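# Observations on the three-dimensional arrangement
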Amino acid sequence: TRGSSLADFADKIGADSASLVEVLFHLGEVVTATQSANDETLLLLGEELNYTVEVISPEDEDRELLESFDIEFGEDEGNEDDLIARPPVVTVMGHVDHGKTKLLDALRSSNVVDKEAGGITQTIGAYQVATDVDGTERRITLIDTPGHEAFTAMRARGAQATDIAILVVAADDGVMPQTVEALNHAKAAGVPIVVAVNKVDKPDADPTKARGQLTEYGLVPEEYGGDTMFVDVSAKAGTGMDALLEAVILTADASLDLRANPKQNAEGLVIEAHLDRGRGPVATVLVHRGTLKVGDSIVAGPAFGRVRAMLDEHGENIEEATPSRPALVLGLTAVPGAGDNFMVVGDDRLARQIAEKREARERNALLAQRTGRRTLEDFMSS
Ligand code: GTP
Ligand code: MG
């Protein structure tokens with residue numbers, strides 16, 4: 001019942017809102033009937049009036065919204081026979097300045113796909129690299145998540161987005177607060193971790209110390225009998241890149257069944273979005289399942305539209321994006337949020353309806369937040 005007003009609530013339980021306002025007043029809460037009531041207030045009321053009040057999470061609420069349109073999100077992979085292998089989606093995390101961005105740059109320039117392509121256009125914050133493992137070309141999708149907050153937002157609504165985390169630890173600094181935070185996020189999301197011990201070129205680098213420290217946090221290196229792969233790298237010198245990519249593939253093969261159905265309507269996650277002067281709203285999306293095609297009607301959080309064009313990490317036009325493929329999408333009517341889900345729906349009208357409902361909901365939630373909870377004391381002192 002997030003963001004609903006007291007009057008809505010009164011309707012639901014068949015009470016009149018004036019008496020609810022009165023009950024709340026006696027409990028020390030000043031809320032008007034038309035105001036959005038927050039969760040605690042409604043729970044309080046429920047308790048007082050002997051009603052069971054259920055607070056629905058935004059995720060569940062959205063699922064309900066989609067179900068009201070007969071749409072299931074993130075549930076079904078369809079026919080088992082249609083499943084194909086997909087590349088692992090890898091997020092690079094770690095403490096500030098430990099070299100996440102530098103490492104991504106190094107991985108990008110040392111990989112076989114980009115050698116041919118030459119200069120790389122940094123149009124999107126996610127890209128695929130390819131590496132040779134036992135004579136087979138294996139692709140890996142890397143997501144650039146600069147700063148810690150971006151990853152949190154992503155985790156909140158799309159723990160499914162990341163298959164593996166590369167935890168970057170600078171060998172001179174060792175384990176730092178955000179290293180621990182990052183590894184806790186990955187653990188909470190059930191995501192396997194590969195550790196990149198970075199900056200081993202530095203004179204004061206101590207990769208052994210970093211291993212010892214992480215062991216205390218439950219990441220025990222394979223060479224100590226544990227099951228976490230540690231790879232020494234220097235993003236600056238470009239050393240250890242192949243070993244790191246191989247460790248990612250080995251970890252994926254050992255613990256994950258990475259398959260998806262490319263034949264269904266595409267759905268996935270918005271990684272980043274912004275308003276581009278010339279092109280309008282542009283969103284980097286990551287396809288989880290299905291195949292996203294130019295011309296598809298999509299809804300992405302509170303935004304919707306028809307895919308006008310798609311670009312890959314080289315800035316080249318692509319017609320479709322298969323599972324685990326990141327793509328820059330043009331054609332949305334608004335800028336969705338990082339971490340919002342996107343999905344292809346039957347037609348533009350449906351996309352618009354879903355987007356409008358989501359927008360209304362967000363507006364309400366915002367109102368509820370802004371209005372907040374005012375206690376009697378606040379009221380008296382204002
Ligand atoms: P935030 O995004 O701010 O959290 O930092 P980051 O983890 O992305 O670090 P970034 O890649 O920006 O690197 C931080 C600094 O460390 C830069 O000055 C890099 O040049 C330097 N650096 C990164 N990797 C290495 C390395 O392997 N060796 C050495 N010597 N310096 C490195
Ligand atoms: Mg960075």
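For clarity, every value in this text was computed on a predicted model and none was experimentally measured.

Within strand β2 (residues 89-94), six of the six residues are buried, leaving the element largely enclosed by the surrounding structure. The two faces of β2 match: Val89, Thr91 and Met93 on one face and Val90, Val92 and Gly94 on the other face are all buried. With five bridges connecting them, β2 and strand β5 (residues 164-170) associate as parallel partners. Residue pairing for β5: Val90 is matched across the bridge by Ile164.

A separate point is the site of ligand 1. In the vicinity of ligand 1 lie 15 residues, with Lys100, Thr101, Lys102, Asp201 and Ala235 positioned nearest. In this structure, an oxygen atom belonging to ligand 1 sits 3.1 Å away from a side-chain N or O atom of Asn198. Interatomic distance of 3.4 Å between a side-chain N/O atom of Ser234 and an oxygen atom of ligand 1. Against a free-state accessible area of 650 Å², the protein chains account for coverage of 73% of ligand 1. In terms of residue count, the dominant contributor to the shell around ligand 1 is helix α5 (residues 100-109) (three residues). Here the residues of the shell around ligand 1 sort into two nonpolar, six polar and seven charged.

Where like charges cluster on the molecular surface, the negative patch consists of Glu54, Glu64, Glu67 and Glu72. Among the residues examined, Glu72 registers a relative accessible area of 54% and is labelled exposed.

This part is about helix α9 (residues 207-216). Within α9, the full set of buried residues consists of Pro207, Ala210, Arg211 and Leu214. The buried residues of α9 occupy one face: seen down the axis, they fall within an arc of 100°. Facing away from the buried side of α9 by more than 90 degrees, the exposed set consists of Thr208 and Glu216. Along its buried surface, α9 packs onto β5, α8 (177-188), β6 (193-198) and β7 (230-232).

Here we take up the sheet that holds β7. With mixed pairing, the six strands of this open sheet are ordered in space as β3-β4-β2-β5-β6-β7. The two strands at the open ends of the sheet, each matched to only one other strand, are β3 (126-133) and β7. Averaged over all adjacent pairs, the angle separating strand axes in this sheet is 30°, with direction ignored. α8 rests against β2, β5 and β6 of the sheet, and its axis sits at about 170° to β5. Packing against the sheet, helix α10 (residues 241-255) makes contact with β2, β3, β4 (136-143), β5, β6 and β7, and its axis sits at approximately 95° to β4.

In contact at an axis separation of 9 Å, helix α1 (residues 6-13) and helix α2 (residues 17-26) are set at 110° when each is read in the N-to-C sense. Regarding the angle of α1 to α2, the classification is roughly perpendicular. Here α1 runs over α2; the crossing is right-handed. Packed against α1, whose contacting residues are Leu6, Ala7, Phe9, Ala10 and Ile13, the element α2 presents Ser17, Leu20, Val21 and Leu24 at the interface. Considered class by class, the residues forming the contact of α1 with α2 number eight nonpolar, one polar and no charged.

With respect to the helices and strands, Val169 occurs in strand β5. We classify Val169 as buried; its relative accessible area is 0%. For the pair Val169 and Gly99, spaced 70 residues apart in sequence, the C-alpha separation works out to 8.1 Å. Not counting the four nearest positions on each side in its chain, Val169 is found in contact with His98, Gly174, Val175, Thr179, Val195, Ala196, Val197, Asn198, Ala210 and Leu214.

All right, on to the side chain of His98 then. Note on placement: His98 falls in the loop between β2 and α5. Side chain to side chain, His98 and Asp173 meet in a polar contact 3.0 Å long.

One non-glycine residue with positive phi stands out, namely Asp70, at about 65°. Residue position: Asp70 is located in the loop between α4 (58-67) and β1 (84-85). One non-glycine residue with positive phi stands out, namely Asp134, at about 50°. Considering the arrangement of structural elements, one finds Asp134 in the loop between β3 and β4. Residue Asp134 is classed as exposed on the basis of its relative accessible area, which comes to 77%.

A few words now on helix α3 (residues 39-49). Among the residues making up α3, those that are buried are Thr41, Leu42, Leu45 and Gly46. Down the axis of α3, the smallest arc covering the buried residues is 135°, so these residues share one side. Contact partners of the buried residues in α3: α1 and α2. At the exit of α3 stands Asn50, carrying a positive phi of roughly 60°.

Rules used in this analysis
By convention here, each chain's residues receive numbers from 1 onward along its written sequence. Chains carry letters from A onward and ligands carry numbers from 1 onward, assigned in written order. Given that this is a predicted model, residues contribute local features only at a pLDDT of at least 70 and side-chain atom pairs are listed and counted only at 80 or more, while totals for whole chains, interfaces and linings are drawn from all residues. By convention in this description, side-chain values take in all heavy atoms of the structure and omit both hydrogens and water. Type-normalised accessible area, obtained with a 1.4 Å probe on protein chains alone, sets the label of each residue: buried when under 20%, exposed when over 50%, and partly exposed for intermediate values. Segments assigned H or I by DSSP are reported as helices when at least four residues long, segments assigned E as strands when at least two residues long, and all are numbered from the N terminus. In this scheme, strands are said to pair when DSSP sees at least two bridges between them. Whether a residue is near a molecule or strand depends on its heavy atoms: it is near if one of them lies within 4 Å of it. Residues adjacent in sequence count toward polar contacts only when both atoms are side-chain atoms; beyond that, a polar contact is any pair of N or O atoms within 3.5 Å, and within protein one must be able to donate a hydrogen and the other to accept it. In this description, accessible areas are obtained by the Shrake-Rupley approach with a 1.4 Å probe, and a residue is regarded as covered only by the protein chains that are shown. Just so you know the grouping, Ala, Val, Leu, Ile, Met, Phe, Trp, Tyr, Cys and Pro go in nonpolar, Asp, Glu, Lys and Arg go in charged, and all remaining residues, Gly too, go in polar. Like charges within 9 Å and nonpolar side chains (Val, Leu, Ile, Met, Phe, Trp, Tyr) within 5 Å are joined into patches, using only residues over 30% in relative accessible area that form no salt bridge. In what follows, salt bridge is the name for a side-chain nitrogen of Lys or Arg lying within 4 Å of a carboxyl oxygen of Asp or Glu. When charges are tallied, Lys and Arg are placed among the positive residues and Asp and Glu among the negative ones, while His and the ends of the chain are skipped. By convention, the charge on Lys lies at NZ, on Arg at CZ, on Asp at CG and on Glu at CD. Arc definition: directions from the helix axis to the C-beta atoms. When checking whether two residues touch, look at their non-hydrogen atoms; a contact exists if any pair is within 4.5 Å. Axis geometry follows a simple rule: fit a line to the C-alpha atoms, using only the stretch in contact for helices, then measure angles between N-to-C directions, giving values from 0 to 180 degrees. Roughly parallel covers angles under 35 degrees, roughly antiparallel covers those over 145, roughly perpendicular covers 65 to 115, and oblique covers all other angles. With the far helix as reference, a near helix turned anticlockwise by less than a right angle produces a left-handed crossing, and one turned clockwise produces a right-handed crossing.

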